[in-house]
Amino acid sequence: MMDSDRTTSSATEAEEILFLKHAKYFVRFLNILPPRLASHDSTRVTIAFFAVSGLDVLDALHLLSDSFKTDIINWIYKLQVVPKPGNRPCGGIQGSSTLNIENAPDCCGLDAYRWGHLAITYTGIAVLVALGDDLSRLDRRAIIDGVAAVQREDGSFSATIEGSEHDMRFVYCAAAICAMLNDWGKVNKKKMAEYIMKSIRYDYGISQHYEMESHGGTTFCAIAALHLSGQMGVLEPEVKASIVRWLVFRQQDGFQGRPNKPVDTCYSFWIGATLKILDAFELTSFKDNREYVLSTQDKTVGGFSKWPGSHTDPFHTYFGICGLSFLKEPGLQQVMPSLNISQRAFQRLTQLHTEWELYSNESSVDNNDIRVNIE
């Protein structure tokens, strides 16, 4: 592959990306959901994640007023579920405010229907970090206990404590939550890795669950979970090389999620991020990838779609922009592949980890001093 294939050829090409239109597109979704997305009301946090993180990668968070950012942060915290002492470990962030009735009496039984959801908890924390929040109002212990409570015997995770699908998607969400909060609690990382390894298929793609078809999205989930948990070493060199081969073969012009399927904008992230983690992204055609993503851009109102000429949505818009970021597109912030947040947000998160560890060490010293004085 020629070097010219790996970089944008000119400033003129960079101008083809309608940065401001895409930014305004995300802002609209933060203000109101269009009727066609009304059914997604219970997952509004994920839509907020695509919009806020998209603005972050576009370096356009300044389009949100400080008061609006504060409103979003307060809304996320309002969705936090903290179980009462002695209750089941259902901590996390829930997807809807429907059951958030302030000062509801215990006798009404609402608590029995409130629990954290792994995907919502992951995206909710990511929104807080992107907006510069210090996470001080999160009950980190309740969240981590909630993650451990939904791990299955086979090492996978359910979305909620009430029981739900348990597969590679929620393995990733669990790993991302623990990594962002810098605490794995009682999560069994070894069993999680075993579940991932058992889900590698004959062609070396990774499936959503045992004996299912290899898929680009769940291959990302699996590899990113291993990376976030510090367990990349479980992949033998020949297995890693075979996974890379499967991933590289997903490129047609853009990337497809499975063999014999059409290419789709979002896989510029799912496949691209996985290859980034595996240090093999340079094996792809940057030029073809970029041209496909740009072919799905709506030049009238902004946004990207999965296929040229189809409806845009926040999901494909965000992942299309992330895919362009991997290509080092001028004007875009870098993306941290395994956490799926901007490098700027990741650096802020790393600083929070340092502060938490410093506080923890100081508290430990103080407690030791107290014990000595008492004795």
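This is a predicted model, so every value here is computed, not measured. (Residues numbered from 1 in each chain as written. Predicted model: local features only at pLDDT ≥ 70, side-chain atom pairs only at ≥ 80, totals over all residues. Heavy atoms only, no water.)

Novice: Would you explain the overall build of the protein in this entry?
Specialist: Across its full length, the protein holds 14 helices and 6 strands. Within the span of the protein, comprising 375 residues, buried residues form 51% of the whole. Accessible surface for the protein amounts to roughly 17400 Å². Of this, 52% is attributable to carbon and sulfur atoms. (Helix = DSSP H or I, 4+ residues; strand = E, 2+ residues; numbered from the N terminus. Buried < 20%, exposed > 50% of the residue type's maximum accessible area, 1.4 Å probe, protein only. Areas by Shrake-Rupley, 256 points an atom, 1.4 Å probe, with all protein chains shown as cover.)

Novice: Just checking my understanding: could you explain unusual backbone geometry for this structure?
Specialist: Here Leu135, not a glycine, exhibits a phi torsion of approximately 60°, which is positive. One can find Leu135 in the loop between α5 (118-130) and α6 (140-149). Residue classification places Leu135 among the buried positions, given a relative accessible area of 0%. Phi at Tyr204 takes a positive value of approximately 75°, unusual for a residue other than glycine.

Novice: So what exactly am I meant to see when it comes to the packing of helix α10 (residues 237-248) against helix α11 (residues 267-277) here?
Specialist: α11 packs onto α10 with a crossing angle of 150° between their chain directions and a minimal axis gap of 10 Å. The orientation of α10 with respect to α11, classified from their angle, is roughly antiparallel. Handedness of the crossing formed by α10 with α11: left-handed. In this structure, α10 uses Val244, Leu247 and Val248 to contact α11, whose residues at the interface are Ile271, Thr274 and Leu275. (Axes fitted to C-alpha atoms, helices over the stretch in contact; angles between N-to-C directions. Parallel < 35°, antiparallel > 145°, perpendicular 65-115°, else oblique. Left-handed = near helix turned anticlockwise from the far one by under 90°. Contact = heavy atoms within 4.5 Å.)

Novice: Even after reading the chapter, I still don't get α11, so can you show me in this structure?
Specialist: α11 sits mainly inside the fold: 10 of its 11 residues count as buried. All of the buried residues along α11 are Tyr267, Ser268, Phe269, Trp270, Ile271, Gly272, Ala273, Thr274, Leu275 and Ile277.

Novice: When you look at the layout of surface pockets in this model, what are you seeing that I'm missing?
Specialist: Unfilled space is identified by rolling a water-sized probe across the atoms. As a volume, the largest pocket reaches approximately 1100 Å³. Along the wall of the largest pocket there are 39 residues; nearest its centre are Thr43, Thr46, Phe50, His117 and Ala119. Looking at the lining of the largest pocket residue by residue, the class counts come to 21 nonpolar, 15 polar and 3 charged. (1 Å grid on protein atoms, 1.4 Å probe; cavity = no way out; pocket = protein on both sides within 12 Å on 5 of 7 lines; lining within 4 Å. Points joined across faces, edges and corners; volume = space filled by probe spheres on them. Nonpolar A, V, L, I, M, F, W, Y, C, P; charged D, E, K, R; others polar.)

Novice: What is the right way to read the nonpolar core from this model?
Specialist: It is characteristic of soluble globular proteins that their nonpolar side chains tend to be buried jointly. One finds Leu135 and Phe157 to be the most contacted residues of the largest nonpolar core, which totals 115 residues. With 12 residues, helix α7 (residues 168-180) is the largest single contributor of residues to this core. Each residue touching Phe157, except ones within four places of it in the same chain, is listed here: Leu118, Val147, Val150, Gln151, Glu165, His166, Asp167, Phe170, Val171, Ala174, Val187 and Met192. (Core = buried A, V, L, I, M, F, W, Y, C linked by side-chain atoms within 4.5 Å.)

Novice: When you look at the confidence of the model for the protein in this model, what are you seeing that I'm missing?
Specialist: As a general rule, the predicted coordinates of low-pLDDT regions are not to be interpreted in detail. In this model, the protein carries an average pLDDT of 91, and 89% of its residues clear a pLDDT of 70 or more. Confidence drops under a pLDDT of 50 for residues 369-375, and excluding neighbours within four residues, the segment shows 0 contacts in the predicted structure. (pLDDT = per-residue confidence, 0-100.)

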